[in-house]
Amino acid sequence: MTPGPFYLVWDREPAHGGHPWISQIEGISLEDPSPADSPAFPRHAPDAERGFGLFRDQCLTCHSVNFSGGRLGPELNVPQSVTESLQRKALRTYIRTPREVRATATMPDFPHLTAGEVNHIVDYLQAMRLAKVCATQVDCARFRGE
């Protein structure tokens, strides 16, 4: 995993109003969101395996799948997979240029990803839909030990 890109995230509004200032940073927290190993995929799913590599390199810093990964962006698989709420075409567009699907999306654009690479990421997310660690909010709370 590369150390970047880095994002500065303020967890509260500045006291003076307006935009936060870089001088207001009180600390930095570093997390390693990457899982140790690639999840197991059926032999007939090589595109999902390629998609996992792309997801790990491009998305895992911010997003998690089955609670493994970053926490800046939303969990993408449980209790409902993003592939269950967005059609494949919309999900591909969202990955490349998020504000074309959600006007207020804070996720950066990924114009460097080819159409094939985006398809592989979607293939990975669809494969993981069948490998959820929990199915309901209650199950997920139990899984997290809440």
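Conventions and cut-offs
- By convention here, each chain's residues receive numbers from 1 onward along its written sequence.
- Thresholds applied to this predicted model are a pLDDT of at least 70 for local features of residues and 80 or more for the giving and counting of side-chain atom pairs; totals over whole chains, interfaces and linings are not thresholded and use all residues.
- Values reported for side chains reflect all heavy atoms of the structure, with hydrogen atoms and water molecules removed beforehand.
- Secondary structure elements are taken from DSSP: a helix is a run of H or I of four residues or more, a strand is a run of E of two residues or more, and numbering for both begins at the N terminus.
- Three labels apply to residues, based on accessible area from a 1.4 Å probe with only protein chains included: buried if under 20% of the type maximum, exposed if over 50%, partly exposed otherwise in between.
- N or O atoms closer than or at 3.5 Å make up a polar contact, with two conditions inside protein: a donor-capable atom paired with an acceptor-capable one, and, for residues adjacent in sequence, both atoms drawn from side chains.
- Pairs of residues are marked as contacts when any of their non-hydrogen atoms sit within 4.5 Å.
- What a helix should span is 1.5 Å times the count of its residues minus one.

(A) Expanded view of the side chain of N66. Position of N66 among the secondary structure elements: in the loop between β1 (64-65) and β2 (68-69). Among the residues examined, N66 registers a relative accessible area of 12% and is labelled buried. Here N77 takes part through its side chain, which lies 2.9 Å from a polar atom of the side chain of N66. Setting aside chain neighbours within four positions, we find N66 in contact with E75, N77, V78, M128, A131, K132 and V133.

(B) Broad picture of unusual backbone geometry. The linkage connecting V78 with the following residue, P79, adopts the cis geometry, with an omega of -5 degrees. Turning to its location among the elements, P79 is positioned in the loop between β2 and α2 (82-85). Residues other than glycine seldom take positive phi values, yet N66 does so here, at roughly 55 degrees. The phi torsion at F67 lies on the positive side, around 65 degrees, for a residue other than glycine. As for its placement among the helices and strands, F67 is situated in the loop between β1 and β2.

(C) Layout of helix α1 (residues 46-58). A rise of 1.5 Å per residue sets the reference length of α1, with its 13 residues, at 18 Å; its end C-alpha atoms lie 18 Å apart and thus fit the reference within 8%. Listed in full, the buried residues belonging to α1 are A48, G51, F52, G53, L54 and F55. Elements in contact with the buried residues of α1: β1 and α4 (115-129).

(D) Representation of the environment of V133. Mapping V133 onto the fold places it in the loop between α4 and α5 (137-143). A relative accessible area of 34% places V133 in the partly exposed class. The spacing of V133 and V78 is 55 residues in sequence and 7.4 Å in space, taken between C-alpha atoms.

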